[in-house]
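This is what each chain is made of:
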Amino acid sequence: MGYSQIDLHISEGIATLTLNRPEKMNAFTGTMMSEINDAMDRTDADDSVRAVIFTGAGERAFCAGADLTPDDGRAVFASGEAVTDLSDERVRDGGGLLTLRLYQSKKPLISACNGAAVGVGVTMQLPMDIRLASENARYGFVFARRGIVPEACSSWFLPKIVGINQALEWCMTGRIFGAEEALKGGLVRSVHPQGELIDAARGLAREIADNTSAVSVAMTRAMLWRVPSGDHPMAAHKVDSRAIYRLSKGADAKEGVQSFLEKRPPAFPLRVSSDMPDFYPWWGEEPPYE
């Protein structure tokens, strides 16, 4: 689709986004960030897409972190320009711009980590909903070993996924750890032989695509990521009640009940592009960077 550092393939309701710089272990660049964000716009707008799988080209790496020797000669971790006002847009972290976009996705995101995932290579996976690893996957929140700090909004995402104690240990030591430790620590859902990883990810994507309402899944993703930040369960009750009220009167709820009673696969008619509940999004605009 005209990309230079990623590949986007859509087939039978599943999009596969491949980080495609195998000669540099799929190292992250500003171009890669822009291309992934554009791909997310495409998959959100395409009603045929029910889930998006992320993986890396080759068998060595998912993403080996930021490109430390970028071809364009730019600074590696942040803008090389002198900026005095820290609210300046040039200060914004590229990894954070990416993870904020992934967080906003209307489609389920599945990570199939097929090798090294260091720095932004692991933090970009945190907003994904299900994370799988190959047996040779290696992870590292190595920022303290590079003289910087965790980026890509990982100080928000990581403790929510693995708990504060595990997040602190991994980030303060900056050590590289394997797939089994990632599994034990709650970072990944399962570990698979390299040759079976994509099939396992596709199996999960297929389960979503074949059995669920796209509108229900989009609402559920937004609710589970956003509602836990509330101070009281009333925040969840408000959203639950509105969503159940609206969706229960819709065509997907009718089809869900009818297909269950008739013991057949569902054929949900509603579309994310046009049929989300009238109160979605309920959280308003994204806070400004200032």
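Please refer to the structure higher up on the page.
A quick note: this is a predicted structure, and the numbers were derived from the prediction, not measured.

Novice: Would you explain the pattern of salt bridges in this entry?
Specialist: According to the stated counting rule, one finds 13 salt bridges in the structure shown. The partner of R42 in a salt bridge is D38, and the shortest N-O contact between them spans 3.1 Å. Remark: D38 and R42 occur in helix α1 (residues 30–45); sequence separation between them is 4 residues, near one turn of the helix. Overall, the relative accessible area of 30% leaves D38 in the partly exposed class. A single salt-bridge network, built from bridges that share partners, covers R21, K24 and D67.

Novice: What is the right way to read the sheet that holds strand β8 (residues 138–140) from this model?
Specialist: Through backbone hydrogen bonds, the strands of a sheet pair up, either in parallel or in antiparallel fashion. Taking strand neighbours across the sheet as the criterion, the 4 strands line up as β4-β6-β8-β9 in an open arrangement whose pairing is mixed. The open sheet is flanked by β4 (61–63) and β9 (176–178), the only strands paired with a single partner. If you compare each strand with its neighbour and ignore which way they point, the axes differ by 20 degrees on average. Two elements, β8 and β9, share 3 bridges in a ladder whose sense is antiparallel. Paired with G140 across the strands is I176, a residue of β9.

Novice: How do you make sense of the packing of aromatic side chains when you look at a structure like this?
Specialist: Any two aromatic rings considered together are summarised by their centre-to-centre distance and by the angle between their planes. Following the criterion strictly, the structure yields 13 aromatic pairs and no others. Plain terms: the ring middles of Y280 and W282 are 6.4 Å apart, the flat faces sit at 65 degrees to each other, and that makes the pair edge-to-face. On the accessibility criterion, Y280 (16% relative accessible area) is buried. The rings of Y103, W156, F157 and W225 are connected pair by pair, giving a single aromatic cluster. If you follow R226 out to its NZ or CZ, it ends over the ring of W283, 3.7 Å from the centre.

Novice: When you look at a negative patch on the surface in this model, what are you seeing that I'm missing?
Specialist: Taken together, the side chains of E135, E180, E196 and D199 present a region of like negative charge at the surface. The exposure class assigned to E135 is exposed, which follows from its relative accessible area of 51%.

Novice: Could you clarify how one ought to interpret the sheet that holds strand β2 (residues 14–19) in this entry?
Specialist: Pairing in this open sheet of 6 strands is mixed, and the strands run β1-β2-β3-β5-β7-β10 from one edge to the other. Because the sheet does not close on itself, it has two edges, and the strands there are β1 (6–11) and β10 (190–192). Shown here is a sheet whose adjacent strand axes are inclined to one another by a mean of 20 degrees, direction ignored. Together, β1, β2, β3 (51–56) and β5 (109–113) form the strand contacts of α1, whose direction differs from that of β1 by roughly 15 degrees.

Novice: So what exactly am I meant to see when it comes to helix α4 (residues 154–162) here?
Specialist: Side chains of residues three or four places apart in an α-helix project in the same direction, reflecting 3.6 residues per turn. All of the buried residues along α4 are S154, F157, L158 and V162. Taken down its axis, α4 places every buried residue within 95 degrees of arc, on the same side. The inward-facing, buried residues of α4 contact α2 (94–103), α3 (120–123), α5 (164–173) and α8 (214–226). Just past α4, the residue G163 takes up positive phi, approximately 90 degrees.

Novice: Would you explain the nonpolar core in this entry?
Specialist: Note on soluble globular proteins: their nonpolar side chains tend to be buried together. Counting residues in hydrophobic clusters, the biggest one holds 45 residues, and the most contacted among them are L17, L19, I36, F54, Y139, F141 and L187. Among the elements that line this core, the one with the most residues is α1, at 5 residues. Discounting chain neighbours no more than four positions away, the residues touching L17 are I6, D7, L8, I36, A39, M40, V52, I53, F54 and T55. Listed in part, the 13 residues of the second largest apolar core include V215, A222, M223 and V239.

Novice: Can you walk me through unusual backbone geometry in this structure?
Specialist: In most cases, non-glycine residues show a negative phi, while peptide bonds are predominantly trans. At the junction of Y280 and P281, the peptide bond is cis and its omega measures out at -5 degrees in the coordinates. The backbone of C153 shows a phi angle near 60 degrees, a positive value even though the residue is not glycine. Along the polypeptide, C153 turns up in the loop between β8 and α4.

Novice: Mind showing me how you'd approach the environment of D278 here?
Specialist: One can find D278 in the segment after α11 (272–275). With a relative accessible area of 56%, D278 lands in the exposed category. Spatially, the C-alpha atom of D278 lies 34 Å from that of R189, the residues being 89 residues apart in sequence. Polar side-chain contacts of D278 include one of 2.9 Å to the side chain of R246.

What counts as what
Residues numbered from 1 in each chain as written. Predicted model: local features only at pLDDT ≥ 70, side-chain atom pairs only at ≥ 80, totals over all residues. Heavy atoms only, no water. Salt bridge = Lys/Arg side-chain N within 4 Å of Asp/Glu carboxyl O. Helix = DSSP H or I, 4+ residues; strand = E, 2+ residues; numbered from the N terminus. Buried < 20%, exposed > 50% of the residue type's maximum accessible area, 1.4 Å probe, protein only. Pairing = 2+ DSSP bridges. Axes fitted to C-alpha atoms, helices over the stretch in contact; angles between N-to-C directions. Phe/Tyr/Trp six-rings, centres within 6.5 Å; stacked < 30°, edge-to-face > 60°. Lys NZ or Arg CZ within 6 Å of the ring centre and 35° of its normal. Patch = residues over 30% accessible without salt bridge, like charges linked within 9 Å, V, L, I, M, F, W, Y side chains within 5 Å. Areas by Shrake-Rupley, 256 points an atom, 1.4 Å probe, with all protein chains shown as cover. Lys, Arg positive; Asp, Glu negative; His and termini not counted. Charge placed at Lys NZ, Arg CZ, Asp CG, Glu CD. Contact = heavy atoms within 4.5 Å. Arc of directions from axis to C-beta. Core = buried A, V, L, I, M, F, W, Y, C linked by side-chain atoms within 4.5 Å. Polar contact = N/O pair within 3.5 Å; in protein donor to acceptor, adjacent residues only side chain to side chain.

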